[in-house]
Amino acid sequence: MEKYILALDQGTSSSRAIVFDGHGQTKAVSQKEFTQIFPKPGWVEHNPMEIWSSQASVIAEAITSIDINGLNIAAIGITNQRETTIVWDAETGTPVYNAIVWQDRRTSEYCDSLKRDGRADLIRSKTGLIIDAYFSATKIRWILENVPGARQKAEEGKLRFGTVDTWLIWMLTRGEVHVTDVSNASRTMLFNIHTLGWDKELLKLFNIPESMMPQVKSSSEIYGYTKTTLFAHEVPIAGIAGDQQAALFGQMCTEPGSVKNTYGTGCFLLMNSGERPIMSSNNLLTTVAWKIGDTVNYALEGSIFVAGSVVQWLRDGLGIIKSSSEVEELAASVPDNGGVYFVPALTGLGAPHWDQYAKGSIYGLSRGSTAAHIARAALEGIAFQTMDIVNAMQKDAGVTLKELKVDGGASRNNLLMQFQADILGTSVIRPVVTETTALGAAYLAGLAVGYWESIDHIKSQWGVDTEFTPSAAQENVEELKKGWAEAIRRTLTDK
């Protein structure tokens, strides 16, 4: 009987299930979007039950589309939107509040108060993170402080916290398993990346009972078995990694200094820094990449909050395109940006600026500016933000980038990828399989159950689809960089 690996890719806007074979090739894919909830400006929520139901339905669709069942699945790997925070009742499994999404800014003022109280160095030294509303800790605290009865239940040990990986495993095992992996734990602002455990001092600082927290495991081991009716037979759940770390692994960036960028809702650049964390001097995050066996790999990360979602905004907010796929053609209809720069700070600015009060800006408009110039500036803004992070990474790591591996939906945009190569002055490499996030989760699960014998075996499967090399005139590139620097200067707030 042929065996496969099932990867669950629970993202910010959709849930997906992908079936991979032993060659790392996609055999079946199912995807379902779910509701984005915006209760107030700057607030972003999801319904945890809808996350689960959408994920369950795509699992069923994917496996039935190729007529397989649980017996054909060697293992399940899970990758997920990170930092998104779910708190539920341990006895009933019912969420006490909606999931607070990583993009949510409701705790920004509390984050400011932590900075004023001089907590930044403490948090940075333990977690590798910058104080920001992005991470889970302040979201958990908000739920405990604002949901009636939540604080008391938490103190009584009756509530559970999880990022989305933890929630899915809880649902798949019918509440038997409450776990996460080191990569997701390292995004909570409560996890000590040196001791690899929940930090009691930080739990006390945020007033979060330790009884809420999941057990932290490696990224590649059997955590438990499915108990759901989705599968007639128990299937091992054997791989977990946050989406960006999973993509780093899926891109086979297993050597120190190797870098990937995922162009999704946001953009996330990760550099494998090896078995020792590099603490950034340039406003990047230090995070755990993965743990396999006894070996931990760390990464430097730069997070861009708005990347692919700027194209959605062009479609839904401005109405200058009818579908996201039209943006490349519109942008390519003009030879350059016409002096227009788009800083897409629609939910603040992430690395390396970390300005949570910044607002999006379009700079350099004239009477000659058209929708095409704005579309082109939006795409270029994604590449410019990536350039700012690459520059910071090179300073921190003391290395010069040789190549950038790319994945995610917007990596299929050839205009954007060529501009990225031009502005970085380095090769941009798009692999044959761009589903690297799901593939990374599949690889981690497969390694745990012996489906793939080694990382070297997996590396032999990685193949290049397209390599984009710099072709723009250097003086044009320098002029563009100057324009971007000015646009950023005008966008940053004084707060």
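Residues numbered from 1 in each chain as written. Predicted model: local features only at pLDDT ≥ 70, side-chain atom pairs only at ≥ 80, totals over all residues. Heavy atoms only, no water.

1. Looking at the overall build of the chain
At step 1: Regarding its fold elements, the chain presents 16 helices and 23 strands.
At step 2: Taking 2.2 N^0.38 as the reference for a compact globule, 495 residues should give roughly 23 Å; the C-alpha atoms of the chain span a radius of gyration of 22 Å, in line with that estimate.
At step 3: Taking the principal axes of the C-alpha coordinates as reference, the chain spans close to 60 × 55 × 45 Å.
At step 4: A separation of at least 24 residues holds for 73% of the contacts in the chain among residues at least 6 apart in sequence.
At step 5: Considering the chain, the positive charge centre built from 44 side chains and the negative charge centre built from 55 side chains are found 5 Å apart. (Helix = DSSP H or I, 4+ residues; strand = E, 2+ residues; numbered from the N terminus. Rg over C-alpha atoms; globule rule 2.2 N^0.38 Å. Contact = heavy atoms within 4.5 Å. Lys, Arg positive; Asp, Glu negative; His and termini not counted. Charge placed at Lys NZ, Arg CZ, Asp CG, Glu CD.)

2. Observations regarding the confidence of the model for the chain
At step 1: Predicted confidence across the chain gives a mean pLDDT of 92, with 100% of residues reaching 70 or more.
At step 2: Looking at the elements of the chain, mean pLDDT is at its lowest for helix α10 (residues 308-318), recorded as 87, and at its highest for strand β9 (residues 179-181), recorded as 98. (pLDDT = per-residue confidence, 0-100.)

3. Looking at the sheet that holds strand β3 (residues 26-33)
At step 1: The mixed open sheet is built from six strands, whose spatial order is β3-β2-β1-β5-β14-β13. Two strands bound the open sheet, and with one partner strand each, they are β3 and β13 (220-225). Within this sheet the neighbouring strands show an average axis-to-axis angle of 25°, counted without direction.
At step 2: For strand β1 (residues 4-10) and strand β2 (residues 14-20), the ladder comprises six bridges, and the chain directions are antiparallel. The partner of L6 across the bridge, within β2, is V19.
At step 3: Against the sheet, helix α1 (residues 48-65) contacts β1, β2, β3 and β5 (73-80), and its axis sits at roughly 30° relative to β2. (Pairing = 2+ DSSP bridges. Axes fitted to C-alpha atoms, helices over the stretch in contact; angles between N-to-C directions.)

4. A look at the packing of aromatic side chains
Working definition: an aromatic ring pair is given by the centre-to-centre distance plus the angle between the planes.
At step 1: Under the counting rule described, the total for this entry stands at 20 aromatic pairs.
At step 2: Pairing Y110 with F206 gives two aromatic rings, centres 6.3 Å apart and planes at 70°, and the pair type is edge-to-face. Of this pair, Y110 sits in helix α2 (residues 108-116) while F206 sits in helix α8 (residues 200-206), and the two are 96 residues apart along the sequence. Take Y110 and F206: they sit in the same class, and that class is buried. (Phe/Tyr/Trp six-rings, centres within 6.5 Å; stacked < 30°, edge-to-face > 60°. Buried < 20%, exposed > 50% of the residue type's maximum accessible area, 1.4 Å probe, protein only.)

5. Some remarks on the packing of α10 against helix α12 (residues 371-397)
At step 1: Here α10 crosses α12 at 155°, and the two axes come no closer than 9 Å. Here α10 is positioned roughly antiparallel relative to α12, judged by the angle of their axes. Crossing of α10 over α12 shows right-handed handedness. Between α10, through G308, V310, V311, L314 and L318, and α12, the contact on the second element is made entirely by I374, A375, A378, L379 and I382. (Parallel < 35°, antiparallel > 145°, perpendicular 65-115°, else oblique. Left-handed = near helix turned anticlockwise from the far one by under 90°.)

6. Let's talk about the pattern of salt bridges
At step 1: The final tally for this structure, using the stated rule, is 27 salt bridges.
At step 2: Residues D104 and R106 are paired through a salt bridge, measuring 2.9 Å at the closest nitrogen-oxygen approach.
At step 3: Judged by its relative accessible area of 1%, D104 is buried.
At step 4: For K126, the salt bridge goes to D199, with nearest N and O atoms at 2.9 Å. Of the two residues, K126 sits in helix α3 (residues 120-127) while D199 sits in the loop between β11 (197-198) and α8, which places them 73 residues apart along the sequence.
At step 5: On the basis of relative accessible area, D199 is assigned to the buried category, the value being 7%.
At step 6: Salt bridges sharing common partners tie together R82, E83, R187, D243 and E301. (Salt bridge = Lys/Arg side-chain N within 4 Å of Asp/Glu carboxyl O.)

7. A few points about α12
At step 1: Between its first and last C-alpha, α12 extends 39 Å over 27 residues, near the 39 Å set by a 1.5 Å rise per residue.
At step 2: For α12, a buried count of 22 out of 27 residues is recorded, marking the element as mostly surrounded by other parts of the structure.
At step 3: Following α12 by one or two positions, G398 adopts a phi angle in the positive range, close to 65°. (Expected span 1.5 Å × (residues − 1).)

8. Considering unusual backbone geometry
At step 1: A cis amide bond links A351 with the next residue in sequence, P352, at an omega value of -5°.
At step 2: Structurally, P352 can be placed in the loop between β19 (341-343) and β20 (361-363).
At step 3: Phi angles above zero are rare outside glycine, and L196 is one such case at about 60°.

9. Let's talk about the side chain of S220
At step 1: Mapped onto the elements of the fold, S220 is located in strand β13.
At step 2: Exposure remark for S220: the relative accessible area of 11% places this residue in the buried category.
At step 3: Here the side chain of S220 touches L444 through a polar contact of 2.6 Å, landing on its backbone oxygen.
At step 4: Setting aside residues no more than four positions away along its own chain, S220 makes contact with A238, K291, I292, L444, L447 and A448. (Polar contact = N/O pair within 3.5 Å; in protein donor to acceptor, adjacent residues only side chain to side chain.)

10. Observations concerning the nonpolar core
At step 1: Counting residues in each nonpolar core, the largest one holds 126 residues, and the members touching the most others are L190, F206, I208, M212 and I423.
At step 2: No other element matches α12, which puts 13 residues into this core.
At step 3: What M212 contacts, discounting residues up to four positions off in sequence, is V87, I140, L144, A154, L159, R160, F161 and H178.
At step 4: F34, A99, M171 and V179 belong to the second largest nonpolar core, which has 35 residues in total. (Core = buried A, V, L, I, M, F, W, Y, C linked by side-chain atoms within 4.5 Å.)

11. Re the sheet that holds strand β22 (residues 427-431)
At step 1: Reading across from one edge, β17-β18-β16-β15-β21-β22-β23 is the order of the seven strands in this open sheet, with mixed pairing throughout. Edge strands, defined here as strands with exactly one partner in the open sheet, are β17 (285-292) and β23 (464-468). Looking at each pair of strands side by side, their axes are set apart by 30° on average, direction ignored.
At step 2: Direction of pairing for strand β16 (residues 267-274) relative to strand β18 (residues 295-304): antiparallel, over a ladder of seven bridges. Its bridge partner being in β18, C267 is matched across the sheet by I304.
At step 3: Contacting β15 (259-263), β16, β18 and β21 (403-407), α12 runs over the sheet at an angle of about 140° to β18.
At step 4: Lying on the sheet, helix α13 (residues 414-424) is in contact with β15, β21, β22 and β23; it crosses β22 at an angle near 145°.

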